Amino acid sequence: MNQKEQQSQESREVILEAAIQEFGSYGFLSASTNRMCQRANISKGLLFHYYRTKENLFSGVLERCFADLQRCTEPLQEQAGRALEYIGQFYGARMQFFLSHPYHYRILRESMSNMDGAIGQLLRQKRGELYREKSHLFEQLVDGFPLKDGVDRGRALELMVLVSDHVQQTFMDRIRSGTVEPVQMLQEFQQEHRAMIRMVMLGIFQIPKAG
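Calculation rules
- Residues numbered from 1 in each chain as written.
- Predicted model: local features only at pLDDT ≥ 70, side-chain atom pairs only at ≥ 80, totals over all residues.
- Heavy atoms only, no water.
- Helix = DSSP H or I, 4+ residues; strand = E, 2+ residues; numbered from the N terminus.
- Expected span 1.5 Å × (residues − 1).
- Buried < 20%, exposed > 50% of the residue type's maximum accessible area, 1.4 Å probe, protein only.
- Contact = heavy atoms within 4.5 Å.
- Core = buried A, V, L, I, M, F, W, Y, C linked by side-chain atoms within 4.5 Å.
- Arc of directions from axis to C-beta.
- Polar contact = N/O pair within 3.5 Å; in protein donor to acceptor, adjacent residues only side chain to side chain.
- Axes fitted to C-alpha atoms, helices over the stretch in contact; angles between N-to-C directions.
- Parallel < 35°, antiparallel > 145°, perpendicular 65-115°, else oblique.
- Nonpolar A, V, L, I, M, F, W, Y, C, P; charged D, E, K, R; others polar.

1. Digging into helix H4 (residues 54-71)
- Its 18 residues give H4 an end-to-end C-alpha distance of 26 Å, which sits within 8% of 26 Å, the value for a rise of 1.5 Å per residue.
- Those residues of H4 lying buried are Leu57, Phe58, Ser59, Gly60, Val61, Leu62, Arg64, Cys65, Phe66, Asp68 and Leu69.
- Here the buried face of H4 lies against helix H1 (3-30), helix H2 (33-40), helix H3 (44-50), helix H5 (83-100), helix H6 (102-110) and helix H7 (117-143).

Here it is in structure tokens:
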């Protein structure tokens, strides 16, 4: 990478960091490019040199937020026969990420609402990638037990993803409302998540009785 390319990359990084703070603080509609420039200590001309519209900048921010979220679970290693434990670690790492990156969380949460045009297309793509990643978590678990009669494998995977996301969102709402301290949240979340997944398993799997 030559000096010009390095400077260009550094400028984009500075702009994205300022944009994440701005969009995370005010949302897409109320975010101000003037405040972003003040945060980054750059000219408006430089910002629009790299991102020609506010929508284009928000798309870049979404790409970064989704990429950062996916990277937070990369250090985890799947181990044969320990699917449920790995799933708990995966969702625990995601929760820790959201707690330490509140702007990312607010941006991703806002992006769950419908948006049109290129941003909407990007969101549909990223949501699909996230769902496939989560669905993969439960594939080993589903393959470990026979399903009950009439239970579709794809629907079983979908149900476990939905339940996991619901538990995660419930705890994030409790943290935002101040009803639970972040330091005690992770352990409580993992206990609740494991309990809910075990309940789902009893409903969809033919699990042999002990003894």
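2. Notes on the nonpolar core
- Ranked by size, the top nonpolar core spans 59 residues in total, and within it Phe23, Leu57, Phe138, Leu141 and Met160 carry the most contacts.
- Leave out the neighbours within four places in its chain, and leucine 57 touches Ile15, Leu16, Ala19, Phe23, Met36, Leu47 and Tyr51.

3. Considering H2
- Among the residues making up H2, those that are buried are Thr33, Met36, Cys37 and Ala40. The buried residues of H2 occupy one face: seen down the axis, they fall within an arc of 100 degrees.
- Turning to H2, the residues buried within the fold contact H1, H3 and H4.
- For H2, the side-chain oxygen to backbone nitrogen distance between the N-cap and asparagine 34 is 3.2 Å, and the N-cap itself is serine 32.
- The positive-phi residue at the C-terminal boundary of H2 is asparagine 41, with phi of around 55 degrees.

4. Observations regarding the side chain of serine 32
- Along the chain, serine 32 falls in the loop between H1 and H2.
- Reaching out from serine 32, the side chain makes a polar contact with the backbone nitrogen of arginine 35 at a distance of 3.2 Å.

5. What to know about unusual backbone geometry
- Although it is not a glycine, asparagine 41 adopts a positive phi angle of roughly 55 degrees.
- Within the fold, asparagine 41 resides in the loop between H2 and H3.
- Judged by its relative accessible area of 71%, asparagine 41 falls in the exposed class.

6. Considerations on the environment of arginine 82
- For arginine 82, the location among the structural elements is in the loop between H4 and H5.
- Accessibility expressed as a relative area gives 35% for arginine 82, which makes it partly exposed.
- Spatially, the C-alpha atoms of arginine 82 and phenylalanine 171 are 24 Å apart, while their sequence positions differ by 89 residues.

7. Section: the side chain of threonine 73
- The residue threonine 73 is located in the loop between H4 and H5 in this model.
- Under the relative-accessibility criterion, threonine 73 is labelled buried at 6%.
- If we skip the residues at most four places from it in the chain, threonine 73 touches Phe90, Ala93, Arg94 and Glu133.

8. Description of the packing of H4 against H7
- For the pair H4 and H7, interaxial distance at closest approach is 10 Å and the crossing angle is 5 degrees. When the axes of H4 and H7 are compared, the pair comes out roughly parallel. Taken together, the residues of H7 that come into contact with H4 (itself represented by Glu55, Phe58, Ser59, Leu62, Glu63, Phe66, Leu69 and Gln70) are Ile119, Leu122, Leu123, Lys126, Glu129, Leu130 and Glu133.
- Broken down by class, the residue content of the contact of H4 with H7 amounts to eight nonpolar, two polar and five charged.

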